[in-house]
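Structural characterization, general
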Amino acid sequence: MRRPLVAGNWKMNGSLESVRSLLEGIKQGVGDVKNAEVAVCPPFIYIPEVEQLLSGSDVAWGGQDLSTESSGAYTGEVAASMLNDFGCKYVIVGHSERRTYHTESDQLVAKKFAAARAAGLAPILCIGETLEEREAGITNQVVARQLDAVIELEGVDALADGVIAYEPVWAIGTGKTATPDQAQEVHAFIRSRVADKSSSVADQLRILYGGSMKPGNAAELIGKPDIDGGLIGGASLKAEDFLGICTAAN
Ligand code: PGA
């Protein structure tokens, strides 16, 4: 049995004050969530505060990105070891916003996946197609290409140390959710592609759905056989909504 994971991706939102009240709210309600794992990924600058507030709780935390390099003259970058210093368990790699606005290639994302693993962090690898790609009927080709870049660099067993998030780009922050059947179809494809190389890795690999997941659609999405939780953007910024999704996963 794969234990569902609900991870909040706060993106570039919040303030010290809102971080404190959001975590207070999450901590108050998360006690009933026993059968799902919960994590939050704040902006880097708030991670030390999040560590203080969440230490000893059942909620894990992680970064939204990391450098491919371990240290040195890379202005503005954050290394995996630095995330480790502040208790991160997870780090998101290859989010579509990074791929789009920072032109991150599949190969660069694969290197980030490797850097995370090397430091003992669990990478959350985001993959997904744009609306144009879906309409052109090449969704599977796109997610296969994004996935294969990691498998080529790190080998299929490396996936066992991480998590995959299928995030159709057209569903992110748009209010347009993939239907449970649409999402399940791609999740099943991803799992079968991993299974071609290793059925045991495929069986244990958690594949999250991301893209306008809300309390109202979470249960139906996570109820699908190959959907093992969610990577939540907008709805992770309100304790009540985030907890609603955690409860659905539970
Ligand atoms: P959303 O974002 O839930 O706001 O659509 C998901 C994500 O980008 O991870």
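Residues numbered from 1 in each chain as written. Predicted model: local features only at pLDDT ≥ 70, side-chain atom pairs only at ≥ 80, totals over all residues. Heavy atoms only, no water.

1. A word on the pairing of strand β7 (residues 206-210)
Going by this rule: Summary of the burial criterion: residues with accessible area below 20% of their type's maximum are buried, those above 50% are exposed, and those between are partly exposed, where the area comes from a 1.4 Å probe applied to protein chains only. Going along the chain from the N terminus, every DSSP run of H or I of four or more residues is numbered as a helix, and every run of E of two or more is numbered as a strand. Note on pairing: DSSP must find at least two bridges between two strands before they are called paired. We call a crossover right-handed when, viewed with the strands running away from us, the connection from the first strand over the helix to the second turns clockwise.
Counted residue by residue, β7 has five buried out of five residues, so it is predominantly covered. The two faces of β7 match: R206, L208 and G210 on one face and I207 and Y209 on the other face are all buried. Sheet topology places strand β6 (residues 163-166) next to β7; four bridges connect them, and they run parallel. Of the residues in β7, the one forming a bridge with A165 is L208. Pairing of β7 with strand β8 (residues 229-232), which is carried by two bridges, proceeds in the parallel orientation. By the bridge assignment, G210 is partnered in β8 with L231. Taken together, β7, helix α10 (residues 215-222) and β8 constitute a β-α-β crossover, and its handedness is right-handed.

2. Here's the deal with the site of the ligand
Let me state the cut-off plainly: When at least one non-hydrogen atom of a residue lies within 4 Å of a molecule or strand, that residue is treated as near it. The term polar contact refers here to a pair of N or O atoms within 3.5 Å; inside protein, the definition further demands a hydrogen-donor-capable atom paired with an acceptor-capable atom, and it admits residues adjacent in sequence only when both atoms are side-chain atoms. In this classification, the charged set is Asp, Glu, Lys and Arg, the nonpolar set is Ala, Val, Leu, Ile, Met, Phe, Trp, Tyr, Cys and Pro, and all remaining amino acids, among them Gly, are polar.
Taken together, 13 residues are adjacent to the ligand, and K11, H95, E167, G173 and S212 come closest. Within the contact set of the ligand, an oxygen atom lies 2.7 Å away from a side-chain nitrogen or oxygen of E167. Taking G173, its main chain carries an N or O atom lying 2.6 Å from an oxygen atom of the ligand. Of the residues assigned to the shell around the ligand, the class counts are four nonpolar, seven polar and two charged.

3. Overview of the packing of helix α1 (residues 16-29) against helix α11 (residues 239-249)
In plain terms, the rule: Angular values range over 0 to 180 degrees, each being the angle between N-to-C directions of two axes fitted as lines to C-alpha atoms, with helices fitted over their stretch in contact. Left-handed describes a crossing whose near helix is turned anticlockwise from the far helix through less than a right angle; right-handed describes the clockwise counterpart. Two residues qualify as a contact provided that any one of their heavy atoms is within 4.5 Å of a heavy atom in the partner residue.
Relative orientation of the contacting elements α1 and α11 amounts to 35 degrees, with a least axis distance of 9 Å. In this structure, the crossing between α1 and α11 has a hand that is right-handed. Counted together, L22, G25, I26 and G29 of α1 and A239, F242 and L243 of α11 form the full contact between these two elements. Of the residues that constitute the contact of α1 with α11, the class distribution is five nonpolar, two polar and no charged.

4. Side note on unusual backbone geometry
Although it is not a glycine, K11 adopts a positive phi angle of roughly 55 degrees. Position of K11 relative to the elements: it lies in the loop between β1 (5-9) and α1. Take K11: its relative accessible area is 18%, and that puts it in the buried class. One non-glycine residue, S212, lies in the positive phi region at around 55 degrees. Structurally, S212 is set in the loop between β7 and α10. Among the residues examined, S212 registers a relative accessible area of 14% and is labelled buried.

5. Here's the deal with the pairing of β8
Residues G229 and L231 point to one face of β8 and G230 and I232 to the other, with burial holding for every one of them. Sheet topology places β1 next to β8; four bridges connect them, and they run parallel. In the sheet register, L5 faces β8, and the bridge partner there is G229.

6. Here we look at the nonpolar core
Rule in force here: Buried residues of nine kinds, namely Ala, Val, Leu, Ile, Met, Phe, Trp, Tyr and Cys, make up a nonpolar core once their side-chain atoms join them within 4.5 Å.
Among the nonpolar cores identified, the biggest contains 67 residues, and I26, V40, L125, L159, I164, I190 and Y209 are the most heavily contacted of them. Per element, the largest residue contribution to this core is six residues, and it comes from α11. With sequence-adjacent residues up to four places away left out, Y209 is seen in contact with Y166, P168, A171, T177, A178, A183, H187, L221, I227, G229, G230 and L231.

7. Topic: the sheet that holds β1
Taken in spatial order, the eight strands of this closed barrel run β1-β2-β3-β4-β5-β6-β7-β8, and their pairing is parallel. Each strand axis lies, on average, 25 degrees off the axis of its neighbour in the sheet, ignoring direction. Two strands pair when backbone bridges link them, and β1 and strand β2 (residues 37-41) are joined in this way by five bridges, in the parallel orientation. Each residue of the ladder has a partner; that of V6, found in β2, is V38.

8. Observations regarding α1
Selection rule: Helix span is expected to be 1.5 Å times the residue number reduced by one. Picture the helix axis, draw a direction to every C-beta atom, and the arc is the one those directions span.
Taking 1.5 Å as the rise per residue, α1 with 14 residues should run 20 Å; its terminal C-alpha atoms sit 21 Å apart, in good agreement. Within α1, burial applies to V19, L22, L23 and I26. Here the buried residues of α1 occupy an arc of 95 degrees about the axis, which is enough to place them on one side. Of the residues in α1, the exposed ones pointing more than 90 degrees away from the buried face are E17, S21 and Q28. Packing partners of the buried residues in α1 comprise β2, α2 (47-54), β3 (59-63) and α11.

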